[in-house]
Amino acid sequence: MVNIIVEISKYLIIIFMAVYTYLCFSIFGYSDPDKKKLLLRRQNILMFTIQLVAFMVMYLQTEDIKMLAFYLMQVVLFGATILLYTNLYPKVSRLVVNNMCMLLCAGLIMLTRLNYEKAVKQYVIAAGAIAVSLVIPVMIRKFKFLSEWRTFYGAAGIVSLGIVLVIGQVSYGAMLGFSVGGISIQPSELVKIIFVFFVASSFKKSLEFRNIVITTAIAAFHVLILVVSKDLGAALIVFIVYLVMLYVATRQPLYVLAGLGAGSVASVLAYYLFGHVRTRVIVWKDPFASYDSGGYQVAQSLFAIGTGGWFGMGLFQGEPNTIPVAEEDFIFSAISEELGIIFALCLILVCVSCYVMFLNIAMQLHSMFYKMVALGLGTCYIFQVFLTIGGVTKFIPSTGVTLPLVSYGGSSLLSTLIMFAIIQGLYILREDEEENIERRKKERLRAKRSGQAPEKRVRKTRDVQERPQGSQRKRPEKGKGKTRPEQRIR
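Residues numbered from 1 in each chain as written. Predicted model: local features only at pLDDT ≥ 70, side-chain atom pairs only at ≥ 80, totals over all residues. Heavy atoms only, no water.

For the rest of this paragraph, the subject is the overall build of the chain. Helices and strands together make up the secondary structure of the chain, namely 19 helices and three strands. Classification of the 490 residues of the chain by burial places 47% in the buried group. Considering only intrachain contacts with a sequence separation of at least 6, the fraction spanning at least 24 residues in the chain is 73%. In the form shown here, the chain has an accessible surface area of approximately 24,900 Å², with 63% of it arising from carbon and sulfur atoms. (Helix = DSSP H or I, 4+ residues; strand = E, 2+ residues; numbered from the N terminus. Buried < 20%, exposed > 50% of the residue type's maximum accessible area, 1.4 Å probe, protein only. Contact = heavy atoms within 4.5 Å. Areas by Shrake-Rupley, 256 points an atom, 1.4 Å probe, with all protein chains shown as cover.)

By the element assignment, serine 415 lies in helix H17 (residues 410–449). Look at serine 415 and you get buried, because its relative accessible area is 2%. With sequence-adjacent residues up to four places away left out, serine 415 is seen in contact with Glu189, Leu190 and Ile193.

In this section: helix H5 (residues 116–133). If you check H5, its first and last C-alpha atoms are 25 Å apart, about what 18 residues at 1.5 Å a residue would give, namely 26 Å. Taken together, the buried positions of H5 are occupied by Tyr116, Ala119, Gln122, Tyr123, Ala126, Ala129, Ile130 and Ser133. Relative to the axis of H5, the buried residues are bounded by an arc of 140° and lie together on one face. Opposite the buried face of H5, at more than 90 degrees from it, the exposed residues are Glu117 and Val124. With a side-chain oxygen lying 3.2 Å from the backbone nitrogen of glutamate 117, the N-terminal cap of H5 falls on asparagine 115. (Expected span 1.5 Å × (residues − 1). Arc of directions from axis to C-beta. Polar contact = N/O pair within 3.5 Å; in protein donor to acceptor, adjacent residues only side chain to side chain.)

Here helix H2 (residues 33–62) crosses helix H3 (residues 65–88) at 165°, and the two axes come no closer than 9 Å. Relative to H3, H2 is oriented roughly antiparallel. Pair H2 / H3 crosses with right-handed handedness. Between H2 and H3, the contacting residues are Asn44, Met47, Phe48, Gln51, Leu52, Phe55, Met58, Tyr59 and Thr62 on the first element and Ile65, Met67, Leu68, Phe70, Tyr71, Gln74, Val75, Phe78, Gly79 and Ile82 on the second. (Axes fitted to C-alpha atoms, helices over the stretch in contact; angles between N-to-C directions. Parallel < 35°, antiparallel > 145°, perpendicular 65-115°, else oblique. Left-handed = near helix turned anticlockwise from the far one by under 90°.)

Moving on, we get to the layout of surface pockets. Taken as a whole, the second largest pocket encloses approximately 1,100 Å³ of empty space. Forming the walls of the second largest pocket are 39 residues, and the residues nearest its centre are Leu236, Phe239, Gly263, Ala266 and Ser267. For the lining of the second largest pocket, the secondary-structure elements that each account for two or more residues are helix H9 (209–228), helix H10 (232–250), helix H11 (253–273), helix H12 (275–285) and helix H16 (368–392). Ranked by residue count, the leading element in the lining of the second largest pocket is H11, at twelve residues. For the lining of the second largest pocket, the class distribution of residues is 30 nonpolar, eight polar and one charged. (1 Å grid on protein atoms, 1.4 Å probe; cavity = no way out; pocket = protein on both sides within 12 Å on 5 of 7 lines; lining within 4 Å. Points joined across faces, edges and corners; volume = space filled by probe spheres on them. Nonpolar A, V, L, I, M, F, W, Y, C, P; charged D, E, K, R; others polar.)

All chains considered together, the criterion is met by 24 aromatic pairs. Among the aromatic residues, those joined into a ring-pair cluster are Phe143, Phe145, Trp149, Phe152, Tyr153, Phe197, Phe369 and Tyr370. Lying over the aromatic face of tyrosine 116, lysine 66 brings its terminal NZ or CZ to 4.4 Å of the ring centre. (Phe/Tyr/Trp six-rings, centres within 6.5 Å; stacked < 30°, edge-to-face > 60°. Lys NZ or Arg CZ within 6 Å of the ring centre and 35° of its normal.)

Per the counting criterion, the structure on display carries seven salt bridges. Lysine 192 serves as the salt-bridge partner of glutamate 189, at 3.0 Å between the closest nitrogen and oxygen. Of the two residues, glutamate 189 and lysine 192 are both situated in helix H8 (residues 187–205); the distance of three residues between them amounts to about one turn of the helix. Per residue, the accessibility class of glutamate 189 equals that of lysine 192, and both read buried. Among the charged side chains, a network of salt bridges with common partners joins Lys118, Glu327 and Glu328. (Salt bridge = Lys/Arg side-chain N within 4 Å of Asp/Glu carboxyl O.)

Running from amino to carboxyl end, H8 crosses H16 at an angle of 145°, the nearest separation of the two axes being 8 Å. Considering only the axes of H8 and H16, their crossing is right-handed. Contacts from Glu189, Lys192, Ile193, Val196, Phe197, Ala200, Ser201, Phe203 and Lys204 in H8 reach Met368, Phe369, Met372, Val373, Gly376, Leu377, Cys380 and Gln384 in H16. For the contact of H8 with H16, the class distribution of residues is eleven nonpolar, three polar and three charged.

Attention now goes to the state of the cysteines. Applying the stated criterion to the full structure yields zero disulfides. Free cysteine cysteine 101: the closest other cysteine sulfur is in cysteine 105, separated by 8.8 Å. Relative accessible area serves as the criterion here: at 0%, cysteine 101 is assigned to the buried category. Here cysteine 346 stays free of any disulfide, with the sulfur of cysteine 24 as its closest cysteine sulfur at 9.4 Å. (Disulfide = S-S within 2.5 Å.)

A contiguous patch of positive charge, built from Arg439, Arg440, Lys441, Arg444 and Lys448, is present on the exposed surface. Here lysine 441 lies in helix H17. (Patch = residues over 30% accessible without salt bridge, like charges linked within 9 Å, V, L, I, M, F, W, Y side chains within 5 Å. Lys, Arg positive; Asp, Glu negative; His and termini not counted. Charge placed at Lys NZ, Arg CZ, Asp CG, Glu CD.)

What follows covers H16. With 25 residues, H16 extends 37 Å between its outermost C-alpha atoms, agreeing within 8% with the 36 Å of an ideal straight helix rising 1.5 Å per residue. Here H16 lies mainly inside the structure; 22 of its 25 residues are buried.

Residues Leu103, Ile140, Phe203, Tyr381, Ile422 and Leu426 are the most contacted members of the largest nonpolar core, which totals 135 residues. Among the elements that take part in this core, helix H4 (residues 94–114) stands out by supplying 15 residues, more than any other. Dropping the residues within four chain positions of it, isoleucine 422 is found in contact with Ile136, Ile140, Ile193, Phe197, Val373 and Leu377. (Core = buried A, V, L, I, M, F, W, Y, C linked by side-chain atoms within 4.5 Å.)

As a further point, take the confidence of the model for the chain. As a note on interpretation, predicted positions should not be read in detail where pLDDT is low. Averaged over all residues, the pLDDT of the chain equals 84, while 88% of them reach at least 70. At the level of individual helices and strands, the chain shows its lowest average pLDDT in helix H19 (residues 485–489), which scores 39, and its highest in H4, which scores 94. Counted against residues more than four places away or in other chains, residues 453–490, with its pLDDT under 50, gives four contacts. (pLDDT = per-residue confidence, 0-100.)

A cluster of nonpolar side chains, Val159, Ile163, Leu165, Val166, Ile167, Phe221, Leu224 and Val228, forms an exposed patch at the surface whose accessible area comes to about 710 Å². Counting residues per element, the ones that place at least two in the nonpolar patch are helix H7 (150–167) and H9. Looking at the nonpolar patch element by element, the count peaks at five residues for H7. You can see leucine 224 is positioned in helix H9. For leucine 224, a relative accessible area of 48% gives the class partly exposed.

Below, the structure is given as structure tokens:
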């Protein structure tokens, strides 16, 4: 009986996830706010249903009551997150909130399956990070001087990465972070956000060649420190984010070509300078030929994806634990094995839906600074998704970065939730701008209906009336001040 329930459950989860993903994109076609609210509520129902089915199956498989307790804790967390965001910020993007919770939900389901203790830690970190992120939208809305802190952003990023370079602990061949009181901290995750603010404030200040050279030098210094620390995944993200922001700000393809050329040269140098980079490239070429010398992880990832097929093996029916660090870098493979490729593809599309919203916000903002921030954070997010999924599917060499909101990792989870909160703050700013534009239109319309002159003409008349006596221009007397035809020719 349990096997039948498990078999049916995987199809139900896939169907619910497919419908949720469809709503992510179909909602863009509706302008009626009531219709949008209805679709967003359906998304919430689908998410909680997926969660219920998944934890019911895990409880039946393990017969452990703590599965049910953990399920109820997650329901409280996601319900509180949706209610707090929508009540504290009525103008918030509900789609971004829903997608954020859906990605967290999928991650916690798979983490519970792989490692219950890590899932609980992830839950605690997520609860604390969400509490912190609730304050950020109001800070973005109220603090009007964020664009003036260019020096602070640049110095904070370099100092944070420098600290890792000095006292960082080596993990998987790279200095990623350090521990304080038993808590592991990876500053590069937060530095990515600070770096975006630095570039946005710098381009807002000036787009002259001199300022671009200075900004590029500081950005290159960020990348250099990350390369020396052997955190090549973060270095690649910072590099690509800067190129995208530079091109959008300047519209100069030559800058992008020069950056790509420099990046290609740097990649070749990294291949010859760092042994673990050479290993990853060799593994990428043929993980099965180098199975015993570094290719085991990628080979197991490919086996898991192939074993899962379109519909997956079902929760607790596969062997995702055979993949090294499946909870972190290779969680996408574990999801593909037990929940199926269709579910995994829907997960990718949910990430793409978030990116579409980020770009939509960036295009509609009027401030250069906020536009660049939205673009930079969106590029940072989607490129990290690409690196993670590309690495586990052997599309590109593995870079060791996590899947945002899904993989296990405190610093990554905190930085991504902060990123989403900043985007929400920018979305609220955009809504404020649209309200101001609509209000001005209505005022002008009222003025026209009441028979008043246009605002500019009224202001001009008032200026003439208030001009001090004797300051009016005098017309030249007839015959004076005119130029004769002979004088004009001369």
